[in-house]
Amino acid sequence: MTILIVAEHDHHELKPATRSAVTAATALGGDIHLLITGHGVDKVAQAAAKVQGVTRVRVVDDLAYAHGLPENLAPLLVRIAPDYTTVMAAADSFGKNLLPRVAALLDVAVVSEITQIVDQNTFVRPIYAGNLNATVQTTDAIKVLTVRATSFPAAPDGGVAAIDTLPTTGDAGLSAWLSTEIQPTDRVELSTARVVVSGGRALGSAEQFQQVLAPLAAKLNAALGATRAAVDAGYAPNEWQVGQTGTVVAPDLYIAVGVSGAVQHLAGMKDSRVIVAINHDPDAPIFQWADYGLVADLFETVKELEHNL
Ligand SMILES: Cc1cc2nc3c(=O)[nH]c(=O)nc-3n(C[C@H](O)[C@H](O)[C@H](O)COP(=O)(O)OP(=O)(O)OC[C@H]3O[C@@H](n4cnc5c(N)ncnc54)[C@H](O)[C@@H]3O)c2cc1C
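### Re the side chain of Asp92
Structurally, the position occupied by Asp92 is in the loop between strand S4 (86-90) and helix H4 (93-106). At 6.9 Å, Lys15 is the nearest oppositely charged side chain to Asp92, a buried residue that forms no salt bridge. Setting aside chain neighbours within four positions, we find Asp92 in contact with Glu8 and Ala17.

Below, the structure is given as structure tokens:
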């Protein structure tokens, strides 16, 4: 049994979510190969070879892969996949963009966002916005899985894998990368932050979102998160959205400020170790999940909390 994990990286470092996929693969057993695609990926290939549990790093270096376009990567995966029993990636935007396409081309199912491995064919995955866990079994010859990173710890360094190179399948000519807009930030990344401060629609405006929550987040070295209602209202950027259709987080501490606690939001944060909620409505559903709840006006409370920290 040999498993292929499609790595996500920034051409320098592996994303922590890919390391979580390695931990999940370790639970499956067998050899673990990490596929590094991109252009000028020597450094990240060297880093990948050090990840504990990885037995081989496979590198495909081509400008066509530099921006992770799934239209170019899928034919490559389809060519390599028959050598493997399982093809995996983290269930983040990169993996969710790529693996369904690969599964469709291989004519197999994709088992998405697994949170537990029962055996080599049987996996647990959340359904109904995380309210139920389904145990699913696949009999496909090649299993295609995406892994919920928050359910598996990141594999540490400590390995010494061999590195080899594979030929490219080149540009499929189906899409072209035009530009990427990245907002420069010195903030902690949301998906891997140990503390998250999230705000809801109650913040009232983008200015107030920043003014009220940013000082608290800075003091706690926290990432900022938001509800979809706050994002839709333009108070926070899309990439801050936590929830069913946003990022799934499981930090040590999650502070929900003016967040109602709708199931779609809970789906993204209810596995946080400690949840603190500030809401002026004592009947807000978030209090059913909070370890600590404060029934209070957020505009008075957050400033006071930040001041006293
Ligand atoms: C298919 C689908 C997918 C979705 N995906 C997501 C998702 O990924 N993430 C997500 O978050 N939502 C998602 N939603 C939306 C979700 O259903 C809720 O609408 C949303 O989470 C509500 O956001 P909110 O709590 O900010 O807003 P509201 O529901 O408006 O709640 C605001 C809360 O703030 C409190 N409040 C108001 N003023 C104050 C104050 N001054 N001080 C203290 N408390 C105050 C109120 O009591 C209330 O509880 C999805 C919905 C659908 C249908």
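### Some thoughts on the sheet that holds strand S7 (residues 122-127)
Strand order in the open sheet formed by 3 strands is S6-S7-S8, with antiparallel pairing between adjacent strands. If you trace the sheet from one side to the other, it starts and ends with strand S6 (116-119) and strand S8 (132-137), each paired once. Averaged over all pairs of adjacent strands, the angle between their axes in this sheet comes to 30°, without regard to strand direction.

### Quick look at the packing of helix H3 (residues 70-80) against H4
As a packed pair, H3 and H4 sit with axes 9 Å apart at the nearest point and diverge in direction by 50°. Between H3 and H4, the crossing angle belongs to the class labelled oblique. Considering how the two elements wind past one another, H3 and H4 form a crossing that is right-handed. Every residue of H4 that contacts H3 at Pro70, Glu71, Leu73, Ala74, Leu77 and Val78 is listed here: Phe94, Asn97, Leu98, Arg101, Val102, Leu105 and Leu106.

### Observations concerning the sheet that holds strand S15 (residues 292-295)
As a general point, the strands of a sheet are linked pairwise by backbone hydrogen bonds and lie either parallel or antiparallel. Spatially, S12-S11-S13-S14-S15 is the arrangement adopted by the 5 strands of the open sheet, whose pairing is parallel. Where the open sheet ends on each side, the last strands, each with one partner, are strand S12 (223-226) and S15. Mean inter-strand twist for the sheet, computed between neighbouring axes without regard to direction, equals 15°. As defined by bridge partners, strand S11 (residues 195-199) adjoins S12 across 4 bridges and the pair is classed as parallel. The residue bridging Gly199 from the neighbouring strand is Ala226, located in S12. Strands in contact with helix H8 (residues 298-308) are strand S13 (253-257), strand S14 (274-279) and S15; relative to S14, the strand with the most contacts, it is inclined by about 135°.

### A short note on the pattern of salt bridges
One pass over the full model with this rule turns up 9 salt bridges. Glu113 is the partner of Arg148 in a salt bridge, and the nearest nitrogen-oxygen pair spans 3.1 Å. With Arg148 in the loop between strand S9 (143-147) and strand S10 (162-165) and Glu113 in strand S5 (residues 110-114), this pair connects stretches of sequence that are 35 residues apart. A salt bridge links Arg273 to Asp252, with the shortest nitrogen-to-oxygen separation between them at 3.6 Å. Of this pair, Arg273 sits in the loop between helix H7 (263-269) and S14 while Asp252 sits in the loop between helix H6 (228-232) and S13; the two residues are 21 residues apart in sequence, bridging distant segments of the chain.

### Description of the site of the ligand
The environment of the ligand is made up of 25 residues, and the closest members are Arg201, Thr227, Thr245, Ser260 and Gln264. Within the side chain of Asn279, one N or O atom sits 2.8 Å away from an oxygen atom of the ligand. Leu298 is positioned with one of its backbone polar atoms (N or O) 2.9 Å from a nitrogen atom of the ligand. Here the ligand has 990 Å² of accessible area as a free molecule, and 75% of this is covered by the chains. Looking at the shell around the ligand, the elements with two or more residues in it are H6, H7 and H8. Partitioned by chemical class, the residues of the shell around the ligand number 8 nonpolar, 13 polar and 4 charged.

### Focus: helix H1 (residues 16-28)
Along its 13 residues, H1 runs 19 Å from first to last C-alpha, staying within 8% of the 18 Å computed at 1.5 Å per residue. Inspection of H1 places Ala17, Thr18, Arg19, Ser20, Ala21, Val22, Ala24, Ala25 and Leu28 among the buried residues, and these make up the whole buried set. Packed against the buried residues of H1 are strand S1 (2-6), strand S2 (31-38), S4, S6, S7 and S9. Immediately beyond the C-terminal end of H1, within one or two residues, lies Gly29, with a positive phi of roughly 85°.

### Remarks on the packing of helix H5 (residues 206-219) against H8
Where H5 meets H8, the closest approach of the two axes is 9 Å, and the angle between their N-to-C directions is 25°. Taken together, the axes of H5 and H8 lie roughly parallel to each other. H5 and H8 meet at a crossing whose hand is left-handed. The residues of H8 that touch H5, namely those facing Gln208, Val212, Leu213, Pro215, Leu216 and Lys219, are Leu298, Phe299, Val302, Leu305, Glu306 and His307. Looking at the contact of H5 with H8, its residues break down into 8 nonpolar, 2 polar and 2 charged.

Each value, and the rule that gives it
Residues numbered from 1 in each chain as written. Predicted model: local features only at pLDDT ≥ 70, side-chain atom pairs only at ≥ 80, totals over all residues. Heavy atoms only, no water. Helix = DSSP H or I, 4+ residues; strand = E, 2+ residues; numbered from the N terminus. Buried < 20%, exposed > 50% of the residue type's maximum accessible area, 1.4 Å probe, protein only. Lys, Arg positive; Asp, Glu negative; His and termini not counted. Salt bridge = Lys/Arg side-chain N within 4 Å of Asp/Glu carboxyl O. Contact = heavy atoms within 4.5 Å. Pairing = 2+ DSSP bridges. Axes fitted to C-alpha atoms, helices over the stretch in contact; angles between N-to-C directions. Parallel < 35°, antiparallel > 145°, perpendicular 65-115°, else oblique. Left-handed = near helix turned anticlockwise from the far one by under 90°. Near = heavy atom within 4 Å. Polar contact = N/O pair within 3.5 Å; in protein donor to acceptor, adjacent residues only side chain to side chain. Areas by Shrake-Rupley, 256 points an atom, 1.4 Å probe, with all protein chains shown as cover. Nonpolar A, V, L, I, M, F, W, Y, C, P; charged D, E, K, R; others polar. Expected span 1.5 Å × (residues − 1).

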